[in-house]
Amino acid sequence: WGYVELAGILRKIEWIDQGGSQYDLSGNALGWGLNLSTNLKLGKSTVFRGQVVYGEGIQNYMNDGPADIGIKNNFNNPAKPILGVALPVTGIVAFLDHNWNSKFSSSIGYSLINVTHFDGAAEDAFKKGDYAIVNLLYNPVERVMMGLELQYGKRTNFELDYTSDILKLQFSCKYNFSHMFYKDKK
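Conventions used here
Residues numbered from 1 in each chain as written. Predicted model: local features only at pLDDT ≥ 70, side-chain atom pairs only at ≥ 80, totals over all residues. Heavy atoms only, no water. Patch = residues over 30% accessible without salt bridge, like charges linked within 9 Å, V, L, I, M, F, W, Y side chains within 5 Å. Areas by Shrake-Rupley, 256 points an atom, 1.4 Å probe, with all protein chains shown as cover. Salt bridge = Lys/Arg side-chain N within 4 Å of Asp/Glu carboxyl O. Lys, Arg positive; Asp, Glu negative; His and termini not counted. Charge placed at Lys NZ, Arg CZ, Asp CG, Glu CD. Helix = DSSP H or I, 4+ residues; strand = E, 2+ residues; numbered from the N terminus. Buried < 20%, exposed > 50% of the residue type's maximum accessible area, 1.4 Å probe, protein only. Pairing = 2+ DSSP bridges. Phe/Tyr/Trp six-rings, centres within 6.5 Å; stacked < 30°, edge-to-face > 60°.

K.L.:
Which residues make up a negative patch on the surface, and what values go with them?
P.N.:
Taken together, the side chains of Glu123, Asp124, Glu159 and Asp161 present a region of like negative charge at the surface. Inspection of the secondary structure puts Glu159 in the loop between β9 (144–157) and β10 (163–175). The exposure class of Glu159 is partly exposed, given its relative accessible area of 40%.

K.L.:
Any details on the pairing of strand β6 (residues 88–99)? Residues and values, ideally.
P.N.:
One face of the sheet, then the other: side chains in a regular strand alternate in exactly this way. Note that strand β3 (residues 46–56) and β6 share eleven bridges and pair antiparallel. Residue pairing for β6: Arg49 is matched across the bridge by Phe95. The sheet contact formed by β6 and strand β7 (residues 104–115) spans eleven bridges and is antiparallel. Note that in β7 the partner of His98 across the bridge is Ser106. What sits between the antiparallel neighbours β6 and β7 is a turn of four residues.

K.L.:
Go over unusual backbone geometry with me, naming the residues and quoting the values.
P.N.:
The phi dihedral of Arg143 is positive, around 75 degrees, even though this residue is not glycine. Topologically, Arg143 is positioned in the loop between β8 (126–138) and β9. The exposure class of Arg143 is partly exposed, given its relative accessible area of 37%.

K.L.:
Mind laying out a nonpolar patch on the surface, listing which residues take part and the relevant values?
P.N.:
Taken together, the side chains of Leu42, Leu96, Ile108, Val134, Leu148, Leu150, Tyr152, Leu167, Leu169 and Phe171 define a hydrophobic patch exposed on the protein surface, amounting to about 940 Å² of accessible area. For the nonpolar patch, the secondary-structure elements that each account for two or more residues are β9 and β10. With respect to the element layout, Phe171 can be found in strand β10. You can call Phe171 exposed: its relative accessible area is 54%.

K.L.:
Can you lay out the packing of aromatic side chains for me, pointing to particular residues and giving the numbers?
P.N.:
According to the stated counting rule, one finds three aromatic pairs in the structure shown. On the numbers, 4.7 Å between centres and 25 degrees between planes, the contact of Phe104 with Tyr138 is stacked. Residue Phe104 is located in strand β7, and its partner Tyr138 is located in strand β8; the two are separated by 34 residues in the primary sequence. For Tyr138, a relative accessible area of 30% puts it in the partly exposed group.

K.L.:
Talk me through the pattern of salt bridges; I want residue IDs and the actual numbers.
P.N.:
Throughout the structure, instances matching the rule amount to four salt bridges. Here Asp24 and Lys80 are joined by a salt bridge, their closest N and O atoms 3.5 Å apart. Here Lys80 lies in the loop between β4 (69–73) and β5 (82–86) and Asp24 lies in the loop between β1 (2–15) and β2 (27–41), a separation of 56 residues in the sequence. We classify Asp24 as partly exposed; its relative accessible area is 38%. Residue Lys80 is classed as buried on the basis of its relative accessible area, which comes to 18%. The salt bridge involving Arg49 is made with Asp97; its shortest N-O contact spans 2.5 Å. With a gap of 48 residues between them, Arg49 in strand β3 and Asp97 in strand β6 connect regions that are remote in the sequence.

Written out as structure tokens, the structure reads:
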């Protein structure tokens, strides 16, 4: 039928100020995250693949994630006017994979990553990314795959009301060169 899995991560992040200024920029933060994922068989030819992650300071474990640590203003302390803080992040992935027959298959899906910034972030810092695809893949013979994929992406920045969209069509071919020269006879 598939599976449902919960995973977690806990990490210590530390940085040392090696500058000679009057400010102390050293610090540390706790990075943590929870990830719920699933693959569910929906009949003989369709699989739902989903994942939700939430945490702080875990962006570098994601493909499109920006920095793990951000800046938070701390102007009440003249010796340490800014603090490094683990940035909260949410990620979602949802895909349907369908085999039309032995030669054709398709995927349709959506993913996003959303980073919460604090008051010290740059106005053009990455805040949110959206990504969606739909494709049709063809396997004419064993170890050969080719297909067309329509892709949409959108980036949203922290402030500045800046967004950027992309729509593209991609054609791909793949040949699997694997070959077994020796087979263990156990």
